[in-house]
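Below are the chains, spelled out letter by letter.
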Amino acid sequence: DAGITQSPRHKVTETGTPVTLRCHQTENHRYMYWYRQDPGHGLRLIHYSYGVKDTDKGEVSDGYSVSRSKTEDFLLTLESATSSQTSVYFCAIRGQGKDNYGYTFGSGTRLTVV
Amino acid sequence: GNSVTQMEGPVTLSEEAFLTINCTYTATGYPSLFWYVQYPGEGLQLLLKATKADDKGSNKGFEATYRKETTSFHLEKGSVQVSDSAVYFCALGITGGSYIPTFGRGTSLIVHP
């Protein structure tokens, strides 16, 4: 489906442990994004990337880091998970070119921190 | 800065009713406008888009017209079905500018048989 996959789809982890979520695309797109979605808050941007090794912070980046060593992979790491990071996480890519302009989302990762 | 404002939900309708979900925006530059739909347990899917003023995006019976004079991109459907129950997000992206999209908060639509 549109060449973007997230893994894992579901994860339960303990407070204080590091967690890494993976986003993989087969579209060779330059821009990738990580969002979290929580009731009452809509989508909030965590980090985004505009190329290999080029990343920047979004509006809710505290407690998160990202890495992009290859065009196709964008990793989100919770350095020390907290209960406030229980959420659904979505990765997105931005289409390129006039006819392909738009944002495609992965199916999400539901993360529970206990 | 850029912003998108959607009507608060939930919107509750009976099957075959007419749907309007309002969306207005503020933007610097030349925005493209989008509607996304999210079904329960799934990610957001692009429903339709419009890239310049007066363009009409359409898909699956849904339509929205890019109105620059009123800075609006209202979503409409003439006859909703139960299967249209979902959350709808209005969004904008600036061509040639910041590549961070701006999303509205989402509007939940519930359609009863």
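Because the structure is a prediction, the values reported are computed rather than measured.

J.: Looking at this structure, how should I read the overall build of chain B?
T.: Scanning chain B for helices and strands turns up zero helices and twelve strands. Helices and strands appear in chain B in the N-to-C order β-β-β-β-β-β-β-β-β-β-β-β. In terms of C-alpha radius of gyration, chain B reaches 14 Å, essentially the compact-globule figure of 13 Å for 113 residues. Counting only C-alpha atoms, chain B reaches 45 × 30 × 20 Å along its principal axes. Expressed as a percentage of the 113 residues in chain B, the buried residues total 42%. Total accessible area on chain B is roughly 5,400 Å²; 50% of this is exposed by carbon and sulfur atoms. Taken as two groups, the 8 positive and 10 negative side-chain charges of chain B have centres that lie 8 Å from each other.

J.: Is there a simple way to think about the confidence of the model for chain A in this case?
T.: Atomic detail in the predicted coordinates should be set aside for any region of low pLDDT. With 95% of its residues at a pLDDT of 70 or more, chain A shows a mean pLDDT of 92. Within chain A, the lowest mean pLDDT, 91, falls on strand 10 (residues 103-105) of chain A, and the highest, 98, falls on strand 8 (residues 73-78) of chain A.

J.: For this particular structure, what's the right way to read the sheet that holds strand 7 (residues 56-59) of chain B?
T.: The strands making up a sheet associate through hydrogen bonds between their backbones, and the pairing can be parallel or antiparallel. Residue and element names in this part refer to chain B. Here four strands make up an open sheet; going across it, the order is 3-9-8-7 and the pairing antiparallel. For this open sheet the edge positions go to strand 3 (19-21) and strand 7, each flanked by a neighbour on one side alone. Strand after strand, the sheet turns through a mean of 15° between neighbouring axes, direction not considered. Inspection of the sheet shows strand 3 paired to strand 9 (residues 75-77) by three bridges, in the antiparallel sense. Looking across to strand 9, one finds that threonine 20 is bridged to glutamate 76.

J.: Looking at this structure, I do not really get the side chain of Arg68(A). What am I missing?
T.: Residues and elements named next belong to chain A. With respect to the secondary-structure elements, arginine 68 resides in strand 7 (residues 64-70). Comment: no salt bridge for buried arginine 68; closest opposite-charge side chain is glutamate 72, at 7.3 Å. At 2.5 Å, the side chain of arginine 68 and the backbone oxygen of arginine 30 are in polar contact. Setting aside chain neighbours within four positions, we find arginine 68 in contact with Gln25, His29, Arg30, Met32, Ser49, Tyr50, Gly51, Val52, Lys53, Asp73 and Phe74.

J.: Would you mind showing me how to read the nonpolar core here?
T.: Among soluble globular proteins, nonpolar side chains are generally buried collectively. Among the nonpolar cores identified, the biggest contains 26 residues, and Leu19(B), Trp35(B), Leu47(B), Leu48(B), Phe73(B), Leu75(B) and Tyr88(B) are the most heavily contacted of them. Residue assignment for this core shows that the elements contributing at least two residues are strand 2 (11-14), strand 3, strand 4 (23-26), strand 5 (31-38), strand 6 (44-50), strand 8 (62-65), strand 10 (86-94) and strand 12 (107-112) of chain B. With five residues, the single largest contributor to this core is strand 10 of chain B. Other than its neighbours up to four places away in sequence, Leu48(B) contacts Leu33(B), Phe34(B), Trp35(B), Gly57(B), Ser58(B), Asn59(B), Phe62(B), Glu63(B), Ala64(B), Phe73(B) and Leu75(B). Among the nonpolar cores identified, the runner-up in size contains 19 residues, and Val19(A), Phe74(A), Leu78(A) and Ile93(A) belong to it.

J.: Can you walk me through the pairing of strand 3 (residues 19-25) of chain A in this structure?
T.: When a strand is regular, its side chains alternate between the sheet's two faces. All names here are of chain A. In strand 3, alternate side chains face the same way, and those of Val19, Leu21, Cys23 and Gln25 are buried while those of Thr20, Arg22 and His24 on the opposite face are not. Here strand 1 (residues 4-7) pairs with strand 3 via four bridges, running antiparallel. Residue pairing for strand 3: serine 7 is matched across the bridge by arginine 22.

J.: When you look at the environment of Asn2(B) in this model, what are you seeing that I'm missing?
T.: Residues and elements named next belong to chain B. Note that asparagine 2 resides in the segment before strand 1 (3-6). Overall, asparagine 2 belongs to the partly exposed group, its relative accessible area being 27%. As for asparagine 2 and leucine 92, which are separated by 90 residues in sequence, their C-alpha atoms are 8.3 Å apart. In contact with asparagine 2, other than residues within four places in its own chain, are Thr26, Ala27, Thr28, Leu92, Ile94 and Thr102.

What counts and what doesn't
Residues numbered from 1 in each chain as written. Chains lettered and ligands numbered in written order. Predicted model: local features only at pLDDT ≥ 70, side-chain atom pairs only at ≥ 80, totals over all residues. Heavy atoms only, no water. Helix = DSSP H or I, 4+ residues; strand = E, 2+ residues; numbered from the N terminus. Rg over C-alpha atoms; globule rule 2.2 N^0.38 Å. Buried < 20%, exposed > 50% of the residue type's maximum accessible area, 1.4 Å probe, protein only. Areas by Shrake-Rupley, 256 points an atom, 1.4 Å probe, with all protein chains shown as cover. Lys, Arg positive; Asp, Glu negative; His and termini not counted. Charge placed at Lys NZ, Arg CZ, Asp CG, Glu CD. pLDDT = per-residue confidence, 0-100. Pairing = 2+ DSSP bridges. Axes fitted to C-alpha atoms, helices over the stretch in contact; angles between N-to-C directions. Salt bridge = Lys/Arg side-chain N within 4 Å of Asp/Glu carboxyl O. Polar contact = N/O pair within 3.5 Å; in protein donor to acceptor, adjacent residues only side chain to side chain. Contact = heavy atoms within 4.5 Å. Core = buried A, V, L, I, M, F, W, Y, C linked by side-chain atoms within 4.5 Å.

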